[in-house]
Amino acid sequence: MMFWLLAEESAKGEATQETAHHAPAIVELVNRYIGEPVHHFQVAYTKPLWDRLLANFGTSAENVFGPYTPENAVPWYTVMFVIACLLCLAAVFFLRRRLSVEEPDAKQQVLEMGIASIRNLLLDNVGAHGMKYFPVIATFAVLILISNLMALIPGLMPPTASMSVTFALGLSSFIYYNYVGISENGLFGHFSHFAGPMLLLAPLLFPIEIISNLVRPLSLSVRLFGNMFGDEQIAVNIANIWPPITYLLSVILYPLTAFVAFVQTFIFVLLSIIYISEVTHAPHEEHKEEPGGIITLPNSLEAGGGH
C-alpha cells in the first residue's frame, strides 16, 4: 500500500515536472508517431488489468501512472531511459576503440579509475570470488551514472528522476542478489540465512529479516528518486524565477548536480554489493587466499615438524 501511495505522489510530481519542462522535444516526437497506437493498446488491454489490481488498494491506474492520452502514451521517463541505454552503449564502444596499453589518454585513465573503484569495493566487501559479479555491478554503475548526468544535457531529463525507473532498478538489484543467494546456497540454505546463527532466536529474526529484505527495493528506489527529483526541481524552480535571466543561475548548479549524480551512483552500487556480500561466500578452498579467510598452518607445522 505504501508503494502505491508513493507512486501516486510520484505520478503527480512527474506530471508537474513534465509540464514545467514542456516535455522534451524527443518525447513529443516519439508520441507523435507511435503515441496513438500505443494509447489504444493501453486502454484496451493494460489499463483494465491495472484498474482491477489497484482497486484492491483503493486507487486506479490513472492515479498511479497519470492520465492516459496519446500525447503521453510513451512516458518521458521511458524515452529518457532508452536514450540512457543507447548512451551507455555508445560510451562503451567509443572508449573501447581508444584503449591503449602504451599511451592511455585521459578518458582511458578515468575509465580505469572507475573500474578500479568498483573492483576494490567488490574485493573489500565480497572477496576475490566477488569479481564474477563485476559485470552486473558495473552495468548498474554505468547506467545509473549516465542516467543521472543526463540532467546536464539540454533538452533531456534524467530518467532517475522518475519513481518508475528507480523502482525498476531497485527491484533488479533485489532480484539479482536473491538469485545469487539461491544459486549458491540453494533455496533452503538461502532462506535459512535469514534465521540468524542461533536456532533459539530464529522465530524472532526470520520475520524481521524477511521484512527488511522486502523493503530494500523501495529504499533503494526512494533514495535515488528523491535526490535526483529534488535536484531537478531546484534547477527548474530557479530557472523559472525570472526567465531567461535565471537560466544562467541553474547552469551554476551544474557542478552540484554532477556531484549528486556521482554520489547517488556510488550509494546504489555500494548497497547492492553489500547485499550480495550477505548471501555469497567463497568456496572452501579459496578461504585461505582471501583476507579474513581461514588461516592454514604450513605443512611442516601440520606434520608436527615445527615449534
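Please read these numbers as outputs of a predicted model, since none were measured by experiment.

**Q** I'd like a description of the overall build of the protein, backed by residues and values.
**A** Each helix and strand counted, the protein has 11 helices and 0 strands in total. Starting at the N terminus, the α and β elements of the protein follow one another as α-α-α-α-α-α-α-α-α-α-α. Relative to its 307 residues, the protein shows a buried fraction of 36%. In the protein, the share of contacts with a sequence separation of at least 24, taken over all contacts with a separation of at least 6, comes to 72%.

**Q** Lay out helix 2 (residues 25–54) in plain terms, naming residues and giving numbers.
**A** With 30 residues, helix 2 should cover 44 Å at 1.5 Å per step; its first-to-last C-alpha distance of 32 Å lies more than 12% under that length. The sharpest bend along helix 2 reaches about 65 degrees and sits at I34, with the proline P37 one to four residues further on. Residues of helix 2 that are buried: V27, N31, G35, H39, Q42, K47 and L54.

**Q** Pulling in residues and values, what's your account of the pattern of salt bridges?
**A** Counted according to the given criterion, the structure contains 3 salt bridges. Among the salt bridges present, the one from K47 reaches D51, with a minimum N-O distance of 3.0 Å. Here D51 and K47 lie together in helix 2, a separation of 4 residues that amounts to about one turn. Residue classification places K47 among the buried positions, given a relative accessible area of 18%. Overall, D51 belongs to the partly exposed group, its relative accessible area being 22%. A salt bridge links K132 to E184, with the nearest nitrogen and oxygen atoms 3.3 Å apart. You can see K132 sitting in the loop between helix 5 (106–125) and helix 6 (134–149) and its partner E184 sitting in helix 7 (residues 163–192), a full 52 residues away along the chain.

**Q** Go over the packing of helix 2 against helix 4 (residues 76–97), please, and point to the residues and values.
**A** As a packed pair, helix 2 and helix 4 sit with axes 9 Å apart at the nearest point and diverge in direction by 105 degrees. Relative to helix 4, the element helix 2 lies roughly perpendicular. Side by side, helix 2 and helix 4 meet where I26, V27 and V30 of the first sit next to W76, V79, M80 and I83 of the second. Residues of the contact of helix 2 with helix 4, tallied by class, amount to 7 nonpolar, no polar and no charged.

**Q** Tell me about the packing of aromatic side chains, residues and numbers included.
**A** Inspection of the entire model under this criterion finds 10 aromatic pairs. With a centroid separation of 5.1 Å and an interplanar angle of 40 degrees, the aromatic rings of F41 and Y45 are classed as tilted. With F41 and Y45 both in helix 2, this residue pair falls 4 residues apart, about one helical turn. Overall, the relative accessible area of 52% leaves Y45 in the exposed class. Ring geometry for Y176 against Y179: centres 6.5 Å apart, planes inclined by 35 degrees, an arrangement best described as tilted. Taken as a pair, Y176 and Y179 lie in helix 7 at a separation of 3 residues, close to a single helical turn. Note on Y176: relative accessible area 17%, which makes it buried. Judged by relative accessible area, which is 54%, Y179 ranks as exposed. Among the aromatic side chains, those forming a connected cluster through ring pairs are Y133, Y176 and Y179. We note K47 situated over the ring of Y68; from NZ or CZ to the ring centre the distance is 5.8 Å.

Rules and cut-offs
Residue numbering note: each chain is counted from 1, following its sequence as written. Two thresholds apply to this predicted model, a pLDDT of at least 70 for residue-level local features and 80 or more for giving and counting side-chain atom pairs, whereas whole-chain, interface and lining totals are computed over all residues. The side-chain numbers reported here are obtained from all heavy atoms of the structure, hydrogens and water having been left aside. What counts as a helix is a DSSP run of H or I of at least four residues, what counts as a strand is a run of E of at least two, and both are numbered from the N terminus. Only protein chains enter the accessibility calculation, which uses a 1.4 Å probe; a residue is then buried when its area is under 20% of its type maximum, exposed when over 50%, and partly exposed in between. A contact between two residues is defined here by any heavy atoms of the two lying within 4.5 Å. Expected span of a helix, by definition, is 1.5 Å for each gap between consecutive residues, and there is one gap fewer than residues. Bend at a residue means the angle formed by two fitted axes: the first through the 7 residues ending at that position, the second through the 7 residues beginning there. One side-chain nitrogen of Lys or Arg within 4 Å of one carboxyl oxygen of Asp or Glu is enough to make a salt bridge. In this analysis, axes come from line fits to C-alpha atoms, helices being fitted only over the stretch in contact, and the angle between any two N-to-C directions falls in the range 0 to 180 degrees. If an angle is under 35 degrees, it is roughly parallel; if it is over 145, roughly antiparallel; if it lies from 65 to 115, roughly perpendicular; otherwise it is oblique. Each residue receives one of three labels: charged for Asp, Glu, Lys and Arg, nonpolar for Ala, Val, Leu, Ile, Met, Phe, Trp, Tyr, Cys and Pro, and polar for the others, Gly being one of them. The aromatic pairing rule takes the rings of Phe, Tyr and Trp, using the six-membered ring of Trp, and pairs them if the centres are within 6.5 Å, calling planes under 30 degrees apart stacked, those over 60 edge-to-face and the rest tilted. When the NZ atom of lysine or the CZ atom of arginine is within 6 Å of a ring's centre and also within 35 degrees of its normal, the charge is said to sit over that ring.

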